[in-house]
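Residue-level structural notes
What follows is the residue order along each chain.
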Amino acid sequence: MTPVDRRTLIGAALAAPLLPAVAHAASAPAFPEPAFSVKLWPGEAPGLKDPALKDEVIERSKDPAIRDRAMVKVRTPRMDVFPAKNPNGAAVLITPGGGYQRVVIDKEGYELAAWLAERGVTAFVCFYRLPGQGWENPRTVSLADAQRAMRLIRHRAAEWKIDPKRVAALGYSAGGHVCGDLATRHAEKVYAPVDDADTLDAKPIVAAPIYPAIAMDPFLTREAAAGTYASSGTGWQVLDAQVSKDTPPCFLCHAEDDATLPVEFTVRLRAALKAAGVPVETHLFEEGGHGFGLRFTLGKPVAAWPDLFMAFAKRHGW
């Protein structure tokens, strides 16, 4: 049997429109790239305390046929836009993971965005500010960017051929916390309005925190990340405590063998959603580990998660 390497796994998981056939590794590879970018804030983002902070991207992959970039410093929060090939009016705001130390670009951003765009959904990959990089109000800085992104999408919906009522949110890991924070605190005032977009609702029609962090606090330092994930006592809000009847329907997905963020986080969040009477669909897969996105799902039941999410979202008006 021919061994299957990472390149083959990624190609099969994402399909031909996203990455080239690995048999032609000698040729220049094509990768998913956005059509354009949109800054979230006019001028500087609010609350900048470190004027030396600059946007910085690193490449983590050692294989030229695979991209695995991460934005490790974020001064200019933005959305990278993947317009739908044949728009059906639906849109999704994607908040990639990265432990609140970085924002993963390809594995949890562009790859899913391109997959959705092929299926009629306009996708926005959000590069949100990181709370440990010297911003005022670090507990709400990422949420402020997510709220602002949702409002901008709705404000320019006609231009981008989007139904403003059909904007979902989806995030992974720490970005799953951003997504869950947006779903539960969409109406909380965490920044001063700057223009007409800020009069609009930031509530997603549905939310999908994928293998989410339950709180922000473990991610502010590497030392904290190695410790216990607190459910109270640290002063940081946790997702299950924030759920209310005004939380939108949620799609939850986690792997039982996740060694980074325990599956109990998703179980806790599900229990809170059920208690509040919020529609929720939960998928706990035997295998998948942490950070599977799309590229690490081939041959595993967890490969079904994107289609399951789309079916759930459509049932709830997406």
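Predicted model, so just to flag it, every value in this text is computed and none were measured.

Focus on the overall build of the chain
In terms of helices and strands, the chain carries 8 helices and 11 strands. In the chain, which comprises 318 residues, the share counted as buried stands at 56%. Within the chain, contacts between residues at least 6 apart in sequence are counted, and of these 77% link residues at least 24 apart. As displayed, the chain has an accessible area near 13,200 Å², and 53% of this comes from carbon and sulfur atoms.

Some details on the pattern of salt bridges
For the structure shown, the criterion picks out 19 salt bridges. Through salt bridges that share partners, Glu 33, Arg 67, Arg 69 and Asp 106 make up one connected network.

So, the layout of surface pockets
Approximately 150 Å³ is the volume found for the second largest pocket. Every residue lining the second largest pocket is counted, 13 residues in all, and those nearest its centre are Pro 46, Gly 47, Asn 137, Val 190 and Tyr 191. Here the lining of the second largest pocket is composed, by residue class, of 8 nonpolar, 3 polar and 2 charged.

Structural notes on the sheet that holds strand S6 (residues 103-104)
Sheet architecture is open: 3 strands sit in the order S2-S3-S6, paired in antiparallel fashion. This sheet does not close on itself; its edge strands, each paired only once, are strand S2 (56-59) and S6. Examined bridge by bridge, strand S3 (residues 69-73) and S6 share 2 bridges and lie antiparallel to one another. Within S6, the residue paired with Met 71 across the bridge is Val 103.

Considering the confidence of the model for the chain
Put simply, the chain has an average pLDDT of 87, and 84% of its residues get 70 or more. The low-confidence segment residues 1-29, where pLDDT is below 50, has 38 contacts with residues more than four positions distant or belonging to other chains. With pLDDT under 50 throughout, residues 220-235 is counted as low confidence; its partners more than four residues away or in other chains account for 23 contacts.

A word on the sheet that holds strand S11 (residues 280-285)
Reading across from one edge, S1-S4-S7-S5-S8-S9-S10-S11 is the order of the 8 strands in this open sheet, with mixed pairing throughout. Only two strands of the sheet have a single neighbouring strand rather than two, namely strand S1 (36-39) and S11. For this sheet the average axis-to-axis angle between neighbouring strands, irrespective of direction, equals 20 degrees. Pairing of strand S5 (residues 91-95) with strand S7 (residues 122-127) involves 4 bridges; the strand directions are parallel.

Some remarks on a negative patch on the surface
A contiguous patch of negative charge, built from Glu 256, Asp 257, Glu 264, Glu 286 and Glu 287, is present on the exposed surface. The topology assignment puts Glu 287 in the loop between S11 and helix H8 (305-315).

Brief notes about the nonpolar core
For soluble globular proteins, nonpolar side chains are generally found buried alongside one another. Core analysis: the largest hydrophobic core is formed by 94 residues, its most contacted members being Met 79, Leu 116, Ile 210, Trp 305, Phe 309 and Trp 318. Of all the elements, helix H3 (residues 141-155) adds the most residues to this core, at 8 residues.

Considering the packing of aromatic side chains
This model, assessed by the stated rule, comprises 12 aromatic pairs. When the centroid spacing of 4.7 Å and the interplanar angle of 70 degrees are considered together, the rings of Tyr 211 and Phe 292 count as edge-to-face. Here Tyr 211 is found in the loop between strand S9 (207-210) and helix H5 (222-225), whereas its partner Phe 292 is found in the loop between S11 and H8, with 81 residues between them in sequence. Owing to a relative accessible area of 0%, Tyr 211 belongs among the buried residues under this scheme. Measuring from centroid to centroid gives 5.8 Å for Phe 251 and Phe 309, while their planes differ by 70 degrees, and the two rings are edge-to-face. Here Phe 309 lies in helix H8 and Phe 251 lies in strand S10 (residues 250-255), a separation of 58 residues in the sequence. Assigned by exposure class, Phe 251 and Phe 309 land together as buried.

Rules and cut-offs
Residues numbered from 1 in each chain as written. Predicted model: local features only at pLDDT ≥ 70, side-chain atom pairs only at ≥ 80, totals over all residues. Heavy atoms only, no water. Helix = DSSP H or I, 4+ residues; strand = E, 2+ residues; numbered from the N terminus. Buried < 20%, exposed > 50% of the residue type's maximum accessible area, 1.4 Å probe, protein only. Contact = heavy atoms within 4.5 Å. Areas by Shrake-Rupley, 256 points an atom, 1.4 Å probe, with all protein chains shown as cover. Salt bridge = Lys/Arg side-chain N within 4 Å of Asp/Glu carboxyl O. 1 Å grid on protein atoms, 1.4 Å probe; cavity = no way out; pocket = protein on both sides within 12 Å on 5 of 7 lines; lining within 4 Å. Points joined across faces, edges and corners; volume = space filled by probe spheres on them. Nonpolar A, V, L, I, M, F, W, Y, C, P; charged D, E, K, R; others polar. Pairing = 2+ DSSP bridges. pLDDT = per-residue confidence, 0-100. Axes fitted to C-alpha atoms, helices over the stretch in contact; angles between N-to-C directions. Patch = residues over 30% accessible without salt bridge, like charges linked within 9 Å, V, L, I, M, F, W, Y side chains within 5 Å. Lys, Arg positive; Asp, Glu negative; His and termini not counted. Charge placed at Lys NZ, Arg CZ, Asp CG, Glu CD. Core = buried A, V, L, I, M, F, W, Y, C linked by side-chain atoms within 4.5 Å. Phe/Tyr/Trp six-rings, centres within 6.5 Å; stacked < 30°, edge-to-face > 60°.

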